[in-house]
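Listed here are the chains, written in short residue letters.
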Amino acid sequence: MIRFSPSRRLVAVSLISLAVGVAACGQGGATDPAEAETEAGDYERGPHNGRMLRDGDFALEITIFEEGPEPLYRLYPYLKDKPLDPRQVQASIVLTRLGPKVDRFAFTATEDYLTSPTVVTEPHSFDVAVAANHAGQSHRWTYPSYEGRTIITPDAARAGGVTIERAASAYLGESLPLQGRIEITPEGQSEVHARYPGRVMALSVELGDRVRRGQVVARVESSESLQTYSITAPISGVIMAKNTNVGSITGGGDPMLVIGDPNQVHAEFFLYPRDAERVRVGQRVEVLSLAGDHRIIAPVEAILPTADITSQTLIAHVHLPSQNGAWRPGLGVRGTVQVAMSEVPLAVRTKAIQPFRDFQVVYAKVGDTYEVRMLELGRRTPEWTEVLGGLEPGTEYVVDGAFLIRADIEKSGASHDH
């Protein structure tokens, strides 16, 4: 249900209309919103700031009362410009909305006006037909009353990058933000040790050099046999650590070299105890570099069973395919994991939602006409937002280019102030 601010006041049925058709019977006004808005408010107003509709000596002032929880019509009748007992008047209003959808209002007398229990729902954008009877005489008026509406040709919409989707059900996931870093996988790194203790006679690589599997990286003279033997790289990769030099004695516990393959990497994300039970192997994670220039969606491949003593966090591994060095070991990354997924009956793309007055709206498309739809919103994710009210399933609405529709409406002034 759409809620309104307590500062609502008594206003005209619309501030966007044409003067033509206000004071005359029959079909009135143009259907082009741009033409209508150029003469917005260019009509006679009554004592209650409403639209005055006249037919001879009889007149009817149309207002929308918005100080209560919902906007309601109030009609004030006059005869020769003097207030008329509303019990002497029968009246009805028919609103034809874009779509089309028709709203009908029947009125009863109360105090000094006629009222209807039917709510005037947003948007207040429609073609209005008013009928009244007094003393055996019938009076009829029609006029357009538009807000938040504009017409854009197909060519202009394409040039502006406007895209359309139909409102329907969608799956919304509850997301959990993660922080982590890029590390080389265990399979992508290897230590180089001397087979027999001895003196390093030659070292053919430096820190940061690339080597291939089987390449000779050092020659060591055995302390026992005094024979010199070669040491080769067990994997292809980059020299990540160098713990020896020519002339050094090797064969202890520390490796001579550490080789890492920067193309075999994964993201390590830190899971705090309150979140650890919600993350499972196989869940999909959106991984984003801190600079925002690299993004990928990949599954959780493993969760280490022991926590880090210092940080009291568990580690979740997310496999990252080789992307020509896009993911550099040691750099920080952000992640978002979907920890819950549920279907909602109606949702729209989050990026389609735009501000309009006090509302969050999307722009519905009917033919070449675009018009606001005020939404009552539920759960929100970066991709989808649940719609609880204000939009019919199957409605075509603007996704990309919504800001262009909004700018066109704001530029033309095709809205009224509540």
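Going by the structure above, here's the rest.
This report concerns the structure included in the present document. (Residues numbered from 1 in each chain as written. Predicted model: local features only at pLDDT ≥ 70, side-chain atom pairs only at ≥ 80, totals over all residues. Heavy atoms only, no water.)

## Description of the overall build of the chain
Then step 1. Along the backbone of the chain there are four helices and 33 strands.
Then step 2. The buried share among the 418 residues of the chain stands at 45%.
Then step 3. By sequence separation, contacts in the chain at least 24 residues apart represent 66% of the contacts at least 6 residues apart.
Then step 4. Accessible surface for the chain amounts to roughly 21000 Å². Of this, 50% is attributable to carbon and sulfur atoms. (Helix = DSSP H or I, 4+ residues; strand = E, 2+ residues; numbered from the N terminus. Buried < 20%, exposed > 50% of the residue type's maximum accessible area, 1.4 Å probe, protein only. Contact = heavy atoms within 4.5 Å. Areas by Shrake-Rupley, 256 points an atom, 1.4 Å probe, with all protein chains shown as cover.)

## Brief notes about the pattern of salt bridges
Then step 1. Taken as a whole and assessed by the stated rule, the structure comprises 20 salt bridges.
Then step 2. Put simply, E371 and R149 hold a salt bridge, and the shortest N to O gap is 2.6 Å. Here the residue E371 occupies a position in strand β30 (residues 369-374), and R149 occupies one in strand β12 (residues 149-151), the gap between them amounting to 222 residues. Like R149, E371 is buried.
Then step 3. As a salt-bridge pair, E396 and R166 come within 3.6 Å of each other at their nearest N and O atoms. Remark: R166 occurs in strand β13 (residues 164-166) and E396 occurs in strand β33 (residues 396-398); sequence separation between them is 230 residues.
Then step 4. Take R166: its relative accessible area is 55%, and that puts it in the exposed class.
Then step 5. Connected through salt bridges with shared partners, the residues E44, R54 and D81 form a single ionic network. (Salt bridge = Lys/Arg side-chain N within 4 Å of Asp/Glu carboxyl O.)

## A short note on the packing of aromatic side chains
Then step 1. A full pass over the atoms with the stated rule returns five aromatic pairs.
Then step 2. Relative to F105, the ring of Y73 lies with its centre 5.1 Å away and its plane at 85°, an arrangement referred to as edge-to-face. Of this pair, Y73 sits in strand β4 (residues 72-79) while F105 sits in strand β7 (residues 101-106), and the two are 32 residues apart along the sequence. As far as burial versus exposure is concerned, Y73 and F105 are alike and both buried.
Then step 3. Ring-pair connections join several aromatic residues into one group, and the members of that group are Y73, F105 and F107.
Then step 4. Above the ring of Y43, the side-chain terminus of R51 is found at 4.0 Å from the ring centroid.
Then step 5. Over the aromatic face of Y143 sits the side chain of R51, whose NZ or CZ is 4.0 Å from the ring centroid. (Phe/Tyr/Trp six-rings, centres within 6.5 Å; stacked < 30°, edge-to-face > 60°. Lys NZ or Arg CZ within 6 Å of the ring centre and 35° of its normal.)

## Observations concerning unusual backbone geometry
Peptide bonds are, in most cases, trans, and in most cases residues other than glycine have a negative phi.
Then step 1. Put simply, E122 and P123 share a cis peptide bond, and its omega is -5°.
Then step 2. Even without being a glycine, E111 presents a positive backbone phi close to 55°.
Then step 3. For E111, the location among the structural elements is in the loop between β8 (108-110) and β9 (113-119).
Then step 4. Positive phi is not limited to glycine here, since A135 has a value of about 55°.
Then step 5. Residue placement: A135 occurs in the loop between β10 (126-134) and β11 (137-145).

## Some remarks on the nonpolar core
Then step 1. Counting residues in each nonpolar core, the largest one holds 23 residues, and the members touching the most others are F269, V287, V318, L320 and W327.
Then step 2. Taken together, the elements giving at least two residues each to this core come down to β14 (168-184), β23 (265-271), β24 (284-289), β25 (295-303), β26 (314-320) and β27 (332-349).
Then step 3. With residues up to four places along the chain from it excluded, the contact list for L320 reads I182, V265, H266, A267, V287, I296 and W327.
Then step 4. One finds I64, I93, L95 and Y143 within the second-largest nonpolar core, a separate group that totals 22 residues. (Core = buried A, V, L, I, M, F, W, Y, C linked by side-chain atoms within 4.5 Å.)

## Notes on the pairing of β7
Then step 1. In the sheet, strand β6 (residues 89-97) pairs with β7 via six bridges, with the strands oriented antiparallel. If you follow I93 over to β7, its bridge partner there is F105.
Then step 2. Here β6 folds back onto β7 in antiparallel fashion, the turn holding three residues, of which G99 has a positive phi close to 150°. (Pairing = 2+ DSSP bridges.)

## Overview of the side chain of E61
Then step 1. With respect to the element layout, E61 can be found in strand β3 (residues 58-65).
Then step 2. Although E61 is buried, it forms no salt bridge, and the closest oppositely charged side chain is R45 at an N-O distance of 7.8 Å.
Then step 3. In this structure the side chain of E61 is engaged in a polar contact, spanning 2.7 Å, whose partner is the backbone nitrogen of H48.
Then step 4. Reaching out from E61, the side chain makes a polar contact with the backbone nitrogen of N49 at a distance of 3.2 Å.
Then step 5. Non-local contacts of E61, meaning those with residues more than four positions away in its chain, are made with G46, P47, H48, N49, G50, R51, M52, R74, L75, Y76 and Y78. (Lys, Arg positive; Asp, Glu negative; His and termini not counted. Polar contact = N/O pair within 3.5 Å; in protein donor to acceptor, adjacent residues only side chain to side chain.)

## Quick look at the sheet that holds strand β15 (residues 189-192)
Then step 1. Here we have four strands laid out as an open sheet, ordered β15-β22-β20-β17, and antiparallel in their pairing. Looking at the sheet topology across the chains shown, the edges are occupied by β15 and β17 (210-211).
Then step 2. For strand β20 (residues 237-242) and strand β22 (residues 257-260), the ladder comprises four bridges, and the chain directions are antiparallel. When the sheet's bridge partners are listed, K242 is paired in β22 with L257.

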